Amino acid sequence: MSTVEITRARAALLGLAVGDALGMPAQTLPRAEIRAHYGRITGFVAPFADHPVSHGLKAGQITDDTEQTLLLARRLLKDPIAFDDLGWTRDLLEWEAEIRAKGLRDLLGPSSKAAIEALQAGASPEETGLKGTTNGAAMRIAPVGILFQPDPALIARQVARTCRVTHNTGEAIAAASAVAAVVSAGLAGRSFEAALDTALAAARAGQTEGSSHGEGDMAGRITLALQLADRGDAEALIAGIGTSVASRESVAMAFGLMRLHGNDLWAALQAAANVGDDTDTIGAILGAMGGATGLSLPAEVEAEVLAVNDLPLDSLVADLLAMRATLAAETA
Ligand SMILES: [Mg+2]
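Predicted model only: the values in this text are computed from it and were never measured. Numbers given for residues are sequential positions, taken from 1 along each chain in its written order. The model is predicted, so local features are restricted to residues of pLDDT at least 70 and side-chain atom pairs to those at 80 or more, both for listing and for counting; the totals for chains, interfaces and linings are taken over all residues.

Asks: Which residues make up the overall build of the protein, and what are the values?
Replies: Helix and strand assignments come from DSSP, with helices taken as H or I runs of at least 4 residues and strands as E runs of at least 2, each series counted from the N terminus. Per the secondary structure count, the protein includes 17 helices and zero strands. Across its three principal directions, the C-alpha atoms of the protein cover 50 × 45 × 40 Å. Residue burial is a threshold on neighbouring C-beta atoms within 10 Å of the residue's own C-beta, all placed from the backbone, with 20 or more meaning buried, 12 or fewer meaning exposed, and counts in between meaning partly exposed. Looking at the protein residue by residue over its 332 residues, the buried ones come to 56%.

Asks: Help me get a handle on the packing of helix α1 (residues 3-23) against helix α15 (residues 279-292), residues and values and all.
Replies: Fitted lines through C-alpha atoms serve as axes, helices being fitted only where they are in contact, and the angles separating the N-to-C directions of these axes extend from 0 to 180 degrees. With their axes 6 Å apart at the nearest point, α1 and α15 run at an angle of 160 degrees to one another. Classified by the angle between their axes, α1 and α15 sit roughly antiparallel to one another. Seen along the crossing, α1 lies across α15 with a hand that is right-handed. Taking contact as the criterion, the partners of R8, A11, A12, L14, G15, L16, V18, G19, D20, L22 and G23 in α1 are, on α15, T279, D280, I282, G283, A284, L286, G287, A288, G290, G291 and A292. Partitioned by chemical class, the residues of the contact of α1 with α15 number 11 nonpolar, eight polar and three charged. To sort the angles, those under 35 degrees are grouped as roughly parallel, those over 145 as roughly antiparallel, those from 65 to 115 as roughly perpendicular, and the leftovers as oblique. Helix crossings fall into two classes, left-handed where the near helix is turned counterclockwise from the far one by less than a right angle and right-handed where it is turned clockwise. Here contacts are defined at the residue level, using C-beta atoms placed from the backbone and a cut-off of 7 Å between them. In the scheme used here, Gly and all other residues not listed as nonpolar or charged are polar, with Ala, Val, Leu, Ile, Met, Phe, Trp, Tyr, Cys and Pro taken as nonpolar and Asp, Glu, Lys and Arg as charged.

Asks: Give me unusual backbone geometry: which residues, what numbers.
Replies: At D50, a position not held by glycine, the phi torsion is positive, near 65 degrees. Here D50 is to be found in the loop between α2 (31-38) and α3 (64-78). In this structure, F83 is a non-glycine residue whose phi angle is positive, near 65 degrees. On the secondary structure map, F83 appears in the loop between α3 and α4 (85-101). The exposure class of F83 is buried, given the 20 C-beta atoms found within 10 Å.

Asks: An account of the packing of α1 against helix α14 (residues 265-274) is requested, with residue identities and associated values reported.
Replies: Where α1 meets α14, the axes come as close as 8 Å, and the angle between the chain directions of the two elements is 35 degrees. With respect to the hand of their crossing, α1 and α14 are arranged in right-handed fashion. Of the residues in α14, those in contact with G15, V18, G19, L22 and G23 of α1 are L265, L269, A272 and A273. Grouping the constituent residues of the contact of α1 with α14 by class yields six nonpolar, three polar and no charged.

Asks: Now, about α3: what can you tell me, with residues and values included?
Replies: Along its 15 residues, α3 runs 21 Å from first to last C-alpha, staying within 8% of the 21 Å computed at 1.5 Å per residue. Among the residues making up α3, those that are buried are D64, D65, T66, Q68, T69, L70, L72, A73 and L76. Here the expected span of a helix is defined as 1.5 Å times the quantity of residues minus one.

Asks: Help me get a handle on the nonpolar core, residues and values and all.
Replies: One nonpolar core equals one set of buried Ala, Val, Leu, Ile, Met, Phe, Trp, Tyr and Cys residues connected by C-beta atoms within 7 Å. Ranked by size, the top nonpolar core spans 97 residues in total, and within it A176, A178, V179, V182, V183, I285 and M289 carry the most contacts. The element that contributes the greatest number of residues to this core is helix α9 (residues 170-187), accounting for 13 residues. Apart from residues no more than four positions distant in its own chain, V183 is found in contact with A12, A142, G145, I146, A288, M289 and A292. Core analysis: the second largest hydrophobic core is formed by seven residues, W88, L92, I116 and V165 among them.

Asks: Now, about the environment of A267: what can you tell me, with residues and values included?
Replies: Position of A267 relative to the elements: it lies in helix α14. Residue classification places A267 among the partly exposed positions, given that 14 C-beta atoms sit within 10 Å. Sequence separation of A267 and S296 is 29 residues, and the distance between their C-alpha atoms is 11 Å.

Asks: Any chance you could break down the environment of D79 for me, citing the residues and the numbers?
Replies: Checked against the element boundaries, D79 lands in the loop between α3 and α4. Distance in space between the C-alpha atoms of D79 and D278 is 31 Å, their sequence separation being 199 residues.

Next comes the structure, spelled out in structure tokens:
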């Protein structure tokens, strides 16, 4: 594995954690409420008392976005290509039970929750994810980008396998494929802008997977977000794209904020934390894409998130990159 791969894979996971933790106190809130509670968020802050989702978390603490990314990474290391749907379902249920046991409220998202309940009621894994269009797939997809080479069809196929139980729709798979492709291309040495052709091709390939429920042109949504960002005005981007848990909004928004802030990943993550609604997931996706494509964060910011959370980044990166090399050799 190359130094670039090691540096960028680590930066992707750390950037994801930073974006997640920075947006955590603002998640689900409209922009005006974020301002009323915190002013402008420019660093890690604790959620206000009785926050509907983040209640009980500390300043700098990560949420489901980072935790499920690590969970998916470990599941993929056991079985990267075929992917074990039932094993993955067990992982998600055990994870949620741990969160509940800690008395926290940030549980499974809407698509994962509905799919797992249907599976437990006897539905087939082929059916449970057919309406899952939200961003839970994209928020945790970085490990697929770390494991696989930046070939759009390969990325879309592997993303679709990890999405089958919970997010088996063209919208969710296309959105997650675009994010995974940026991460993969970044590890191969590309910048964010240089990774976009591959990301849009992966989105188009991912769009043909799963059910047609939801957005029919995720690549078009990402392109629109990039064009709105070119006006240099965050308001146009927010009005035109939105910030909800829908993949067509929050995943496109992460691409738009990357374009808007160019090479300043910290500014982009601060913008995500204040943008409204799904702030932590927009930040997590942005942080993963920015870190993977060679952007850096202030050292004190990285140190703070590592001090607050137990993140086994170095061992995980070593394992994932060893697997990336094996998989590349097998498909060469
Ligand atoms: Mg979250």
